[in-house]
Amino acid sequence: MDNKCSICGGNLTDFGSRDLKDGIVCRYCVKKASPWLSDEDYLKKDVKAFRRHLEYREKNQKKVDSFEPQKTIEGKYSIYLNRNNGEFVISKRKDYKKDNADVLYYKDIKDISIIEEKDQTGNYNLLMQFRLKNKELDNVCFRVNEFPGLEKESKEYKSALDKAYEYLNGFDEEDGLVFVEV
Ligand SMILES: [Zn+2]
């Protein structure tokens, strides 16, 4: 395969490009995609599917431009909720409009979980996972604790757990199946 981006035809840089099922995406095109896509998500997409994803992202920009939260749960990642419109946004940065953060839908929520992940050193991270019925984005997962690798008895662990429950409690039960795994 030649060293051009399968999407825009631009030259590939040493870092930041991702492999697709049948091509490769340059770092600039990666930047336009949803930040929630994992390496596996890229590998599952072919060039056509990735183009469709970028079209979805362009439409998302218009949606996020007009999105206004009724309620915000702040944290390392903040969750912006608008129950009336059935929409929410999860973003690390305050300027989520500029970031083109994905507008997510309550109706797409399959479940929300708090996951405790043990790392190789025996320390812990708390992850918040949203599984979605959305073909462009079916999994949004982020770390709740600011710094990785917490001891279970530490106050940082406890405050991360409190924060995870605050996120979870931002959603009512009728918004979706809510699982809690700790
Ligand atoms: Zn490109």
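Keep in mind the model is a prediction, meaning the values are calculated, not measured.

(A) Just the overall build of the protein chain, in detail. Along its length, the protein chain carries four helices and ten strands. With the principal axes as the frame, the protein chain shows a C-alpha extent of 50 × 45 × 25 Å. The buried share among the 182 residues of the protein chain stands at 20%. By sequence separation, contacts in the protein chain at least 24 residues apart represent 42% of the contacts at least 6 residues apart.

(B) Representation of the nonpolar core. The biggest cluster of nonpolar side chains holds 20 residues, and the ones touching the most others in it are Ile79, Phe88, Val89, Leu104, Met128 and Ala164. The set of elements that each furnish at least two residues to this core consists of strand S4 (78-82), strand S5 (87-91), strand S6 (103-105), strand S7 (109-118), strand S8 (124-132) and helix H4 (155-169). Here this core gets four residues from one element, more than from any other, and that element is S8. Excluding its chain neighbours within four sequence positions, the residues that come into contact with valine 89 are Val64, Phe67, Tyr80, Tyr96, Ala101, Val103 and Leu104. Formed by seven residues, the second largest nonpolar core is a distinct cluster that contains Ile7, Cys29, Tyr42 and Phe50.

(C) Layout of the sheet that holds S6. Pairing is antiparallel across the open sheet formed by four strands, whose spatial order is S3-S4-S5-S6. Each of the sheet's edge strands pairs with one partner strand only, and the pair in question is strand S3 (71-73) and S6. Averaged over all pairs of adjacent strands, the angle between strand axes in this sheet comes to 25 degrees, irrespective of strand direction. When S3 meets S4, the two strands line up antiparallel, connected through three bridges. Bridging from a neighbouring strand, lysine 71 pairs with leucine 81 of S4.

(D) Spotlight on the domain arrangement of the protein chain. Domain assignment breaks the protein chain into domain 1 (18-64) and domain 2 (69-178). On the domain 2 side, the residues contacting the nine residues of domain 1 number ten residues. For the side of domain 1 that touches domain 2, the residue count by class is three nonpolar, four polar and two charged.

(E) Region of the structure containing the pairing of S4. The hairpin turn running from S3 into S4, its antiparallel successor, is four residues long. Direction of pairing for S4 relative to S5: antiparallel, over a ladder of five bridges. Its bridge partner lying in S5, leucine 81 is registered against phenylalanine 88.

(F) Molecular detail of the confidence of the model for the protein chain. In the predicted model, the protein chain carries a mean pLDDT of 93, and the fraction of residues at 70 or more is 93%. Here strand S10 (residues 177-178) is the element of the protein chain with the lowest mean pLDDT, 56, and helix H3 (residues 47-65) is the one with the highest, 98.

(G) Local environment of H3. Between its terminal C-alpha atoms H3 stretches 27 Å, which fits the 27 Å expected from 19 residues at 1.5 Å a residue. Restricting attention to buried positions, one finds in H3 the residues Phe50, His53 and Val64. Tucked into the core, H3 has its buried residues touching strand S2 (24-25), S5 and S6.

(H) Structural detail: the environment of glutamate 117. Residue position: glutamate 117 is located in strand S7. Residue glutamate 117 is classed as exposed on the basis of its 12 C-beta neighbours within 10 Å. A sequence separation of 19 residues divides glutamate 117 from glutamate 136, and the C-alpha atoms of the two residues are 26 Å apart. In contact with glutamate 117, not counting residues within four places along its chain, are Tyr124, Asn125 and Leu127.

What counts and how
Each chain has its residues counted from 1, running along the sequence as written. Residues qualify for local features only when their pLDDT is at least 70, as the model is predicted, and side-chain atom pairs are given and counted only at 80 or more; totals for whole chains, interfaces and linings, by contrast, use all residues. Counting from the N terminus, the helices are the DSSP runs of H or I reaching at least four residues and the strands are the DSSP runs of E reaching at least two. Residue burial here comes from a neighbour count, namely the number of other C-beta atoms, placed from the backbone, that lie within 10 Å of the residue's own C-beta, with 20 or more meaning buried, 12 or fewer meaning exposed, and in between meaning partly exposed. Residues are treated as contacting if the C-beta atoms built from their backbones sit within 7 Å of each other. We call a set of buried Ala, Val, Leu, Ile, Met, Phe, Trp, Tyr and Cys residues a nonpolar core when their C-beta atoms link them within 7 Å. Strands qualify as paired when DSSP identifies two bridges or more between them. Angles run from 0 to 180 degrees between N-to-C directions of axes, and those axes are lines fitted to C-alpha atoms, restricted for helices to the stretch in contact. Each domain's extent is set by a domain assignment, obtained either automatically or from a database. Ten residues, namely Ala, Val, Leu, Ile, Met, Phe, Trp, Tyr, Cys and Pro, are considered nonpolar, four, namely Asp, Glu, Lys and Arg, are considered charged, and the remaining ones, Gly among them, are considered polar. A score from 0 to 100, pLDDT tells how confident the predictor is in each residue. The length a helix should cover is 1.5 Å for every residue beyond the first.

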